Structures are given as structure tokens and as C-alpha cells.
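Residue-level structure breakdown
Given next are the chains, with one letter for each unit.
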Amino acid sequence: MLETTIAAIRPADEAAMAAARELHGRLTKPAGSLGALEELSVRLAGLAGACPPPLPEPAAVAIFAGDHGVHAQGVSPWPQEVTAQMIGNFLAGGAVVNAFARQAGASVTVVDVGVATPLPTDPVAEPAVVGAAVLDPAVPRLVVASVRRGTRDLTVTAALTRDEALAAVQTGIRIADELIDAGAGILLTGDMGIGNTTPAAVLIAAFTGADALDATGRGTGVDDPTYAHKVAVVRAALARHTPDPADPLGVLAAVGGLEHAALAGLILGAAARRTPVLLDGVIAVSAALAAAAFAPDAVSAMVAGHRSAEPGATAALRHLGLDPLIDLGLRLGEGTGALLALPVVTGAVRVLHEVATFDSAGVAEK
């Protein structure tokens, strides 16, 4: 599945991008007056191979959840059980991501790809289904696709085997296909996993060459001693595994999380289907680095929703060549920043669909 997905990813369509730029020049506005929105709409035209590109709707948030063996190293003050408890909160509609998703009319799919503790519900694994229920914005949905109950401690051994990492990537691809088959016009990345900013920092350092200090942030808000320890853990993991960025599956296996690997798969799956992916915070962009290492042209499907307060996110976005749409100092995850950026993406495309040209509106040009 991974190989065929990568093979389906193509470069942006230059003719569609040129057509979008030419259309912008004829719309009733000064050239360039919409700033970054114009280039965003051009990129989305290139992804779709059409001008104007399809409106990015309906929107579907996919929250991948997993736990981490490195939690045992004291990198987070939160107990690991919170991952499972927050899944219960997502499904009950009580989290910030739910509030923002309701505002945006987006569906929420929660995927247990590797939670360590029992969920506070009685989950039943769902087969892949298509239809309205998949994209119902009123009812969050749980998919149980657990590869293993949390990763191993990356300071001691590889977090995952290559087969486990591959299984997680392929889970992300399957979820992308399912949501797109159900009619989603844009996918939004979400994540949940106590301690997951530590493997994210290792991934970012591995793929960008950034120093551990520049790749590591405070996550849920650790104090100075814990932060210094966290940086040391990231540095030690890089020294132990010496991950090779030319082998993205190997990097994910050595130092990644199950949700990171699944998010990489979601991005690849969307790129293969020429569907935009709106990236959330540091977990999403660390996964995006892996997706770009698998298939460089996958970057054409990525839209950076926001700039996370985590410093590694800026390093990752710079490496990917992506500019974030908003910068609000967010560091929650879940998909919250992506949801706040969603109207910006929709507006960028709607301009090409609905704004009159100078000729059609009878407006004189300069």
C-alpha cells in the first residue's frame, strides 16, 4: 500500500497554477492585494490540476492517538492515562477541538493507533465505511486500529519495529482514503498522546539537522529542570539511533510515535488523491517531514495551518518551505490550530470561484 500510494503522488500542475495566477490578475482587486491568500489559491489549483480548484469542503479532522515509552523518562508531568481519558472527551464532544470543529462544520474521527491504557468507553473496531456517517459533524467517531499499546522507550531501544511503523503509516493512508471516499474536500491533522512532543522533537532534529535544543519545546508546559532533561533525552536518542533521513520508515521506527507515523500516512494518502491537508502543530509538521522524505511532491498537498509555539515547528516549516497561515502562540494540538485556519483556506479558494473579473463587472482597470 505504501509503495502504490507514493507512486501516485505527482508534482503540482504548472498549467493550473499559471491559470490561477492569470485569473487573479483579472479579478476586481489590485494585483497582489490578497497577499498570501493568492499564492495559497495558486498552490491549491496546482494540487487539484484545475482552476479554480474545488472548494475545500466538507472538512474532516483525523485525530490519531498513541502513547510513548519515553514517558517513563519523566518528559511530561501528565500521567499517561490522560491520553485515553482525552479520547473519551473527544467522543463526548467536550474538548477544544470539538468546539472548533462544530464552529467549522467539520467532522471528527478519532483513531486509536496505539493507546497504552484502556479507553473509557467500550470501543468496537469499525470497518471502513463510506457515506454521511463518516463525515457527520455532529457525532465524533472512533476507529480502533491499534498497532501496539504504546511505543517502546526510544532512549533504550527502537520505539517501533519497521513492520509496526509501516502498519501505522498504512493506517493513516486508509483513513485518508476512507474520508476522501466519503466526500471530504480537505483533511485536517489532529493528535493526542501524552509525551508526544519528545519524539516529535527527535523526528524534527533527524529530518532537518536542527540541534536538539532548537527542536525541543516545553510541550504541555514543563518547568526549567524538566525542559533541560527533555532536551538531554532528545539528544541522547539522536546519538543512540543516528536516524538516517533518507530512510523515513527507519526514522519513524527508531524514534517516532504511532500517531506520528499514522499522520505521515494520512498526508501521503491525501497527496496521492490530490486533496489538501491542513497541518496543525508540532506533531503534524514532524510527521509532514517524514511524508516529504517518502515523497517530496507530497509537500504540494500540505497547508501549514499555524505556527506552533513549539520551536521545532518553525524549524520543520522552514525545512518544508511552508509559511503558516496564523500565529497565535498555540501549543494544544488536537487539530485546534488547523481548524482555526480552515476559513482562511476556504476564503482563498472562494475568491477564484466567486469574485467578478473587471470585464464581467464592468469595472475599469488602471
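Our structure is the block above this text.
Quantities reported herein were computed from a predicted structural model and do not represent experimental measurements. (Residues numbered from 1 in each chain as written. Predicted model: local features only at pLDDT ≥ 70, side-chain atom pairs only at ≥ 80, totals over all residues. Heavy atoms only, no water.)

Attention shifts here to the environment of A106. As for its placement among the helices and strands, A106 is situated in the loop between α5 (96-104) and β2 (107-114). Taking the C-alpha atoms as reference, A106 lies 8.6 Å from A138; in sequence the two are 32 residues apart. Aside from chain neighbours lying at most four places away, what touches A106 is A59, V61, A101, P137 and L339. (Helix = DSSP H or I, 4+ residues; strand = E, 2+ residues; numbered from the N terminus. Contact = heavy atoms within 4.5 Å.)

Moving on to the side chain of N196. Relative to the assigned elements, N196 resides in the loop between β4 (186-192) and α7 (197-208). Judged by relative accessible area, which is 6%, N196 ranks as buried. Look past the residues within four positions of N196 in its chain and what remains in contact with it is H68, D191, E259, H260 and I283. (Buried < 20%, exposed > 50% of the residue type's maximum accessible area, 1.4 Å probe, protein only.)

For the rest of this paragraph, the subject is the pairing of β2. Of all eight residues in β2, eight are buried; the element is thus mostly enclosed. In terms of strand pairing, strand β1 (residues 59-66) meets β2 through seven bridges, oriented parallel. Looking at β2, one finds that F64 is bridged to V111. Direction of pairing for β2 relative to strand β3 (residues 141-144): parallel, over a ladder of four bridges. If you follow V111 over to β3, its bridge partner there is V143. (Pairing = 2+ DSSP bridges.)

One finds L179, L187, L188, L278, L279 and M302 to be the most contacted residues of the largest nonpolar core, which totals 120 residues. Discounting chain neighbours no more than four positions away, the residues touching M302 are R43, I267, V277, L279, A288, A291, A292, L320 and L322. (Core = buried A, V, L, I, M, F, W, Y, C linked by side-chain atoms within 4.5 Å.)

So, on to the packing of α7 against helix α13 (residues 311-320). To characterise two packed helices, one gives the angle between the axes of the helices and the distance between these axes. Running from N to C, α7 and α13 point in directions that differ by 35°, and their axes come no closer than 10 Å. For the pair α7 and α13, the crossing hand works out as left-handed. Contacts between α7 and α13 involve I204, F207 and T208 from the former and G312, A313, A315, A316 and H319 from the latter. Here the contact of α7 with α13 is composed, by residue class, of five nonpolar, three polar and no charged. (Axes fitted to C-alpha atoms, helices over the stretch in contact; angles between N-to-C directions. Left-handed = near helix turned anticlockwise from the far one by under 90°. Nonpolar A, V, L, I, M, F, W, Y, C, P; charged D, E, K, R; others polar.)

Another aspect to go through is the pattern of salt bridges. Counted by the stated rule, this structure contains 14 salt bridges. For E22, the salt bridge is made with R26, and the minimal N-O distance between the two is 2.7 Å. One end of the pair is E22 and the other is R26, both in helix α2 (residues 14-26) and four residues apart, which spans about a single turn. Notably, a salt bridge pairs R218 with D224, separated by 2.8 Å at the nearest N-O pair. Here the salt bridges do not stand alone but share partners, grouping E57, R350 and E354 into one network. (Salt bridge = Lys/Arg side-chain N within 4 Å of Asp/Glu carboxyl O.)

Distances and angles like these do not, on their own, reveal function.
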